[in-house]
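# Fold and geometry: a report
Each chain, letter by letter, is given below.
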Amino acid sequence: MITITLEDGTRQSLPPVDAVGGSNCGTAGIWRFDSGAPGPHVAITALIHGNEVCGVQALYDVLQAAPAVARGRLTLAFCNLEAYARLDDANKDERRLVDEDLNRVWGRLEGPGANGDTYEVRRAREIVPWVQDADVLVDLHSMTGAAPALGLVGLAAKNVELARRIGYPALLVRDAGHAAGLRLIDRHPFGDAGAAPTAMLVECGQHFSREAFDAAKETVARTLSVFLDGKPTPPAAPQSVIEVVEAVTIRTGAFEFTQDWPNMAVVPKAGTLVGRDGEREVRTPHDETYLVMPASPRFRKPGLTAVRFGRRV
Ligand SMILES: [Zn+2]
């Protein structure tokens, strides 16, 4: 049993790795519930990053309730089991991954471009067969800095529609992903405008905040209700879409922001200097620029995303 200290100082016991890492279908960490009746295949993934624990709790709660799926199929996946197994309260900021970022490997698992023999690549290859044919994929994450829950929906309009059907979260971000590699939600067919399956990545809030646990639970409850019970879940708050117009990829080992920008901060004026990447100045492209997920210092490395600029649409 892992117990961690949350942002508010309270202690939280997390689901045991042995429990979530079990299986009822033969692949560690994968749980499959099939109604036998026609209906959508809903896949909910958590723990792509080993210290993003809100989703683990939300899916574990579902597991413990032994879901009776009325129609279609439900797959729950606890993804980076090894990073999670190494998590403890003293190092909980460090246990995001074992060898590499599990949410950048989804474009190089098979075919001519396949490469990598890391824990994460091997693990992704185990997970893919269970989620690849999902009609609806919801991927639960959390963030380093304080922020409201964000729904990342990629570029395809169908995924904005998915977020609207779930009715949550209130802030949706349309973005093209990362130069460093393909996310699960961007993988074929989820990211393809012409294919029916839909996906959303929910950044539930700050990693160890009570709010993130609540947001993960809300996301899961709504997803199950809409797609497996056939009960609509109207939004609790109006949803708005922020479109990412530019992802700033770090080029040097000397990237720094001009100040400690909060996630989703709005910078009023175009051309405002927000950071420097060695000699290069990083300025806002337009008025009312949203700073989407500015990277914390440990993630400011060449090739990684420093920040994304967004505009409300
Ligand atoms: Zn994550």
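All of these numbers come straight from a predicted model, not from anything done at the bench.

Criteria and cut-off values
Residues numbered from 1 in each chain as written. Predicted model: local features only at pLDDT ≥ 70, side-chain atom pairs only at ≥ 80, totals over all residues. Heavy atoms only, no water. Helix = DSSP H or I, 4+ residues; strand = E, 2+ residues; numbered from the N terminus. Rg over C-alpha atoms; globule rule 2.2 N^0.38 Å. Buried < 20%, exposed > 50% of the residue type's maximum accessible area, 1.4 Å probe, protein only. Contact = heavy atoms within 4.5 Å. Areas by Shrake-Rupley, 256 points an atom, 1.4 Å probe, with all protein chains shown as cover. Lys, Arg positive; Asp, Glu negative; His and termini not counted. Charge placed at Lys NZ, Arg CZ, Asp CG, Glu CD. UniProt positions renumbered as here; feature names shortened; annotations may be inferred. 1 Å grid on protein atoms, 1.4 Å probe; cavity = no way out; pocket = protein on both sides within 12 Å on 5 of 7 lines; lining within 4 Å. Points joined across faces, edges and corners; volume = space filled by probe spheres on them. Nonpolar A, V, L, I, M, F, W, Y, C, P; charged D, E, K, R; others polar. Phe/Tyr/Trp six-rings, centres within 6.5 Å; stacked < 30°, edge-to-face > 60°. Lys NZ or Arg CZ within 6 Å of the ring centre and 35° of its normal. Pairing = 2+ DSSP bridges. Axes fitted to C-alpha atoms, helices over the stretch in contact; angles between N-to-C directions. Patch = residues over 30% accessible without salt bridge, like charges linked within 9 Å, V, L, I, M, F, W, Y side chains within 5 Å. Salt bridge = Lys/Arg side-chain N within 4 Å of Asp/Glu carboxyl O. Parallel < 35°, antiparallel > 145°, perpendicular 65-115°, else oblique.

## A short note on the overall build of the protein chain
In terms of regular secondary structure, the protein chain is built from 6 helices and 16 strands. Over its C-alpha atoms the protein chain spans a radius of gyration of 19 Å, differing by no more than 12% from the 20 Å that the globule rule assigns to 313 residues. Reported as C-alpha extents along the three principal axes, the dimensions of the protein chain are approximately 60 × 50 × 40 Å. Among the 313 residues that make up the protein chain, the fraction classed as buried is 56%. Of the contacts made within the protein chain by residues no fewer than 6 positions apart, 69% connect residues no fewer than 24 positions apart. Carbon and sulfur atoms make up 51% of the accessible area of the protein chain, which totals about 12,800 Å². A gap of 3 Å separates the mean positions of the 34 positive and 39 negative side-chain charges of the protein chain.

## Focus: the UniProt feature "domain: Succinylglutamate desuccinylase/Aspartoacylase catalytic" (unreviewed entry) in the protein chain
In the numbering used here, UniProt assigns the feature "domain: Succinylglutamate desuccinylase/Aspartoacylase catalytic" (unreviewed entry) to residues 38-146. In the segment residues 38-146, helix accounts for 27% and strand for 18%; the C-alpha atoms at its two ends are 41 Å apart.

## Comments concerning helix α5 (residues 157-166)
For α5, every residue scored as buried is listed here: Lys 158, Asn 159, Val 160, Leu 162, Ala 163 and Ile 166. In this fold, the buried residues of α5 make contact with β6 (136-143), β8 (171-174), β9 (198-206), α6 (210-227) and β10 (240-249). Where α5 ends, the next residue or the one after it, Gly 167, has phi of about 75°, a positive value.

## Quick word on the layout of surface pockets
Size it by volume and the largest pocket reaches roughly 880 Å³. Lining the largest pocket are 43 residues, with Arg 96, Thr 144, Ala 295, Ser 296 and Phe 299 sitting closest to its centre. Mapped by element, the contributors of at least two residues to the lining of the largest pocket are β6, β9 and β16 (305-312). For the lining of the largest pocket, the per-class residue count stands at 16 nonpolar, 13 polar and 14 charged.

## Details of the environment of Ala 66
On the secondary structure map, Ala 66 appears in the loop between α2 (54-64) and β5 (73-78). Judged by relative accessible area, Ala 66 falls into the exposed class, the value being 53%. A C-alpha to C-alpha distance of 39 Å links Ala 66 and Val 244, two positions 178 residues apart in sequence.

## Remarks on the environment of Pro 38
Note on placement: Pro 38 falls in the loop between β3 (30-34) and β4 (41-46). Spatially, the C-alpha atom of Pro 38 lies 52 Å from that of Lys 269, the residues being 231 residues apart in sequence. For Pro 38, the contacting residues outside a window of four places in its chain are Arg 71 and Gly 72.

## Describing the packing of aromatic side chains
For the structure on display, the rule yields 1 aromatic pair. Centre to centre, the rings of Phe 255 and Phe 257 are 5.0 Å apart; their planes meet at 80°, and the pair counts as edge-to-face. Stacked on the ring of Phe 208, the Lys or Arg Lys 92 has its end atom at 5.2 Å from the ring centre.

## Overview of the sheet that holds strand β11 (residues 255-257)
The strand order across the open sheet formed by 3 strands is β11-β13-β14, and the pairing between neighbours is antiparallel. Both outer strands of the open sheet, β11 and β14 (280-283), are each paired with one neighbouring strand and no more. Put simply, the sheet's adjacent strands are angled 20° from each other on average, direction ignored. Two elements, strand β13 (residues 273-277) and β14, share 4 bridges in a ladder whose sense is antiparallel. Bridge pairing links Gly 275 to Val 282 in β14.

## A word on a negative patch on the surface
A cluster of acidic side chains, namely Glu 7, Asp 8, Asp 93, Glu 211 and Asp 214, defines a negative patch on the protein surface. Turning to its location among the elements, Asp 214 is positioned in helix α6.

## Re unusual backbone geometry
Cis peptide bonds are those with omega within 30 degrees of zero, and the linkage from Tyr 168 to Pro 169 qualifies with -10°. Mapped onto the elements of the fold, Pro 169 is located in the loop between α5 and β8. Along the chain, His 188 connects to Pro 189 via a cis peptide bond; the corresponding omega equals 5°. Mapping Pro 189 onto the fold places it in the loop between β8 and β9.

## Side note on the packing of α5 against α6
Two elements in contact, α5 and α6, have axes whose closest approach is 9 Å; the angle formed by their N-to-C orientations is 95°. Viewed along their axes, α5 and α6 adopt a mutual orientation that is roughly perpendicular. Between α5 and α6, the residues in contact are Leu 162, Arg 165 and Ile 166 and Arg 222, Thr 223, Val 226 and Phe 227, respectively.

## Some words on the sheet that holds strand β12 (residues 265-267)
Reading across from one edge, β3-β5-β4-β6-β9-β7-β8-β10-β16-β15-β12 is the order of the 11 strands in this open sheet, with mixed pairing throughout. Each end of this open sheet is capped by a strand with a single partner; those strands are β3 and β12. Pairwise comparison of adjacent strand axes, ignoring direction, gives a mean angle of 25° for this sheet. For β4 and β6, the ladder comprises 4 bridges, and the chain directions are parallel. Residue pairing for β6: Thr 45 is matched across the bridge by Asp 139. Against the sheet, α2 contacts β3, β4, β5, β6 and β9, and its axis sits at roughly 135° relative to β5.

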